[in-house]
Amino acid sequence: MRILRIVAAFVVFGAFATAFPDEASTAARLEKAKRSEPELIAFLKSMPKGADLHNHVTGAIYSDYMLDYAIGAGLHFNRKTNAFQKEPAEDTVPAAKLTEDWTAYRAFMYSVSMAGSFPAVKSGHDHFFDTFGFIGPANNGRNPADSLTEVIARNQAQNVQYLELMTSVAPGSAMSAFMKDAPPVDDFEFAFRLLEPRFEALRAESRRYLDQRDAEVARRLGRKSVSGVEGPTDVRYVASLNRLGANAEFFVTAAAAMAIIQADKRVVAMNIVAPEDFVTARQNFDFQMRAIDFLWRRMGRPNLTLHAGELTLEISPYETMRDRIRKTIELGHAKRIGHGVSVAWEDDLPGLLKLMRDQGVAVEICLTSNASILKVEGDRHPIHLYLDNGIPLNLNTDDEGVSRSNLTQEYVRAVRSYGFSYARLKDLVRNGLEYSFLPGEGLYVARDYRRLRPEFAEVRKPSWSPGAAAKRLMDANEKLAIQVRLERAFVAFEN
Ligand SMILES: [Zn+2]
């Protein structure tokens, strides 16, 4: 279709220069689009995007659809607490009433997102983390396939190839059974042996849960599956656990996450979540890293991506920030870190940056989230420090529903804040897949995007189609298959 339109333009206007656009003219289009946000949105919305690697599904749901659900499920809105509840009470109104009661409507919409002017009332950080106390009740009884469908469909519409989603990977009942009578954790080996016999039951429940949820989401999206490589947007899951919990709970949930990762290729990694500055997150950090170190060695060295350095002096002592990122990498074995905002406060910063560069530790950058939670934006953000030191970065949403953002908007923000060129954006896009936890070999030689594997030397030519050797490689390597799809999406976008 696009080619036909271009040919038509050629015939009508005789404009040979625009008849065969390429990377250079696409880069020029971006430069022109920089004059206004709507033009940037228009450009970046359809530009292929590799991946969102840092996306909490609970925080990705838009309040608008929570309200639709609450109305359908007949929940009741409590005007005093601003939370939904199942049963009516003295201060409640039926959810359906919020369609005419603007005060209650706004109270709800503001309680579950960063919309409105809450920083004027209390800190963005506090309002952000408080939203989860309202999001839970608003989704009480909701099918988890609803939120996954919402997130995947939204990303499909923005030409995003791949998502690693932090979301539940086992039913709550299976997790409770696994955690029952948690063993003491003063002896890791002893605790591990007590937990080991529970792995199989947990894995079976997890598999059933994911099979069912994936099938339902695929059905709603009209696809065969969502966790393969068929596209347009494939997903994998990241098991996340609460970093605020007591030490015994932390150890047990980390063991549960790794047990599932070992057995199910849809669950590609583990993360630790909740405010990193909170008192227990700070006090228990060293224990948590030791626990992860032990379990990681004991359980097949799984992929880990860990929130680290989502801190500023306003919410954290300097002392905490002196080694938070380094320890997360060295002891916590994180292959990627989330946020990394406090990096400049780290001891031996050149040494840390060298370590990250040498090991290829990527940073999941979440610009909107950092701006609203930490007040870190523009030249307060360490993005240049990372880029100038050759640290691989990619752009992510964190909590797109709470932040009222999406992946396109993150690219818009990056371009408006830092003036990135098209070549820079393509690097960020490609990093999303190269540093993903998709298994298999990649498309590029030594992570250099200018050097393609010989079987794919022509992959960026419009006329390319895979030969037998290329097909074999794509069948055997999920990462490579999706990287090829991304390169072809660039060809379509640029031509
Ligand atoms: Zn996060």
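As the structure is a prediction and not an experimental result, all values here were calculated from the model.

Enquirer: Go over the overall build of the chain with me, naming the residues and quoting the values.
Expert: For the chain, the helix and strand inventory stands at 25 helices and 13 strands. The C-alpha atoms of the chain give 23 Å as radius of gyration, which agrees with the globular expectation for 495 residues (23 Å, within 12%). A principal-axis box enclosing the C-alpha atoms of the chain has dimensions of 75 × 55 × 45 Å. Considering only contacts within the chain whose residues lie at least 6 apart along the sequence, 74% involve residues at least 24 apart.

Enquirer: I'd love a proper account of the sheet that holds strand β11 (residues 393-395), names of residues and values included.
Expert: Strands sit in the order β8-β9-β10-β11 across an open sheet of 4 strands; the sheet is parallel. Only two strands of the sheet have a single neighbouring strand rather than two, namely β8 (305-308) and β11. Taking each pair of neighbouring strands and ignoring which way they run, the sheet shows an average axis angle of 30°. By the bridge criterion, 3 bridges tie strand β9 (residues 336-339) to strand β10 (residues 362-365) in an arrangement that is parallel. Following the sheet pairing, I337 is matched in β10 by V363.

Enquirer: Before we move on, could you go through the confidence of the model for the chain and cite the residues and values that matter?
Expert: Scored by pLDDT, the chain comes out at a mean of 94, with 95% of its residues at no less than 70. Across residues 1-20, confidence stays below pLDDT 50; counting only partners more than four residues off in sequence or on other chains, it has 6 contacts.

Enquirer: Account for the sheet that holds strand β2 (residues 76-78), with residues named and values stated.
Expert: In space, the 3 strands of this open sheet follow the order β3-β2-β4, with antiparallel pairing throughout. The open sheet is flanked by β3 (84-85) and β4 (92-94), the only strands paired with a single partner. Pairing between β2 and β4: 3 bridges, direction antiparallel. Directly across from H76, in β4, lies its bridge partner P94.

Enquirer: Can you explain helix α22 (residues 407-418)? Please cite residues and give values.
Expert: In this model, α22 (12 residues) spans 16 Å end to end at C-alpha, consistent with the 16 Å of a helix rising 1.5 Å per residue. Within the span of α22, buried status applies to L407, T408, Q409, E410, Y411, V412, A414 and V415. Of the residues one or two after α22, G419 is the one with positive phi, at around 65°.

Enquirer: Can you explain the nonpolar core? Please cite residues and give values.
Expert: Nonpolar side chains tend to gather and get buried jointly when the protein is soluble and globular. Grouped together as the largest cluster of nonpolar side chains are 127 residues, with contacts concentrated most on A239, A254, A256, A257, I260 and M270. Broken down by element, the residue count for this core peaks at 11 residues, all from helix α13 (residues 247-263). Split by domain, this core shows at least three residues from each of two domains, domain 1 (61-138) and domain 2 (145-434). With residues near it in sequence (within four places) discarded, A239 still touches V169, A257, I260, I261, V267 and M270.

Enquirer: I'd like to hear about the packing of helix α3 (residues 23-33) against helix α4 (residues 37-46), residue by residue, with values.
Expert: Two elements in contact, α3 and α4, have axes separated by 8 Å at closest approach and are oriented at 150°. As the angle between them shows, α3 and α4 are arranged roughly antiparallel. In this structure, α3 uses R29, L30 and A33 to contact α4, whose residues at the interface are E39, L40 and F43.

Enquirer: Please give an account of the domain arrangement of the chain that cites residues and values.
Expert: Taken domain by domain, the chain comprises domain 1 (61-138) and domain 2 (145-434). Each of domain 1 and domain 2 has a C-alpha centre, and the two are 27 Å apart. Contact residues are listed per partner, giving 13 residues for domain 1 and 13 residues for domain 2. No other element matches the 5 residues that helix α8 (residues 124-138) contributes to the side of domain 1 that touches domain 2. In terms of residue class, the side of domain 1 that touches domain 2 is built from 8 nonpolar, 5 polar and no charged.

What counts and how
- Residues numbered from 1 in each chain as written.
- Predicted model: local features only at pLDDT ≥ 70, side-chain atom pairs only at ≥ 80, totals over all residues.
- Helix = DSSP H or I, 4+ residues; strand = E, 2+ residues; numbered from the N terminus.
- Rg over C-alpha atoms; globule rule 2.2 N^0.38 Å.
- Contact = placed C-beta atoms within 7 Å.
- Pairing = 2+ DSSP bridges.
- Axes fitted to C-alpha atoms, helices over the stretch in contact; angles between N-to-C directions.
- pLDDT = per-residue confidence, 0-100.
- Expected span 1.5 Å × (residues − 1).
- Buried ≥ 20, exposed ≤ 12 C-beta atoms within 10 Å, placed from the backbone.
- Core = buried A, V, L, I, M, F, W, Y, C linked by C-beta atoms within 7 Å.
- Domains from an automatic or database assignment.
- Parallel < 35°, antiparallel > 145°, perpendicular 65-115°, else oblique.
- Nonpolar A, V, L, I, M, F, W, Y, C, P; charged D, E, K, R; others polar.

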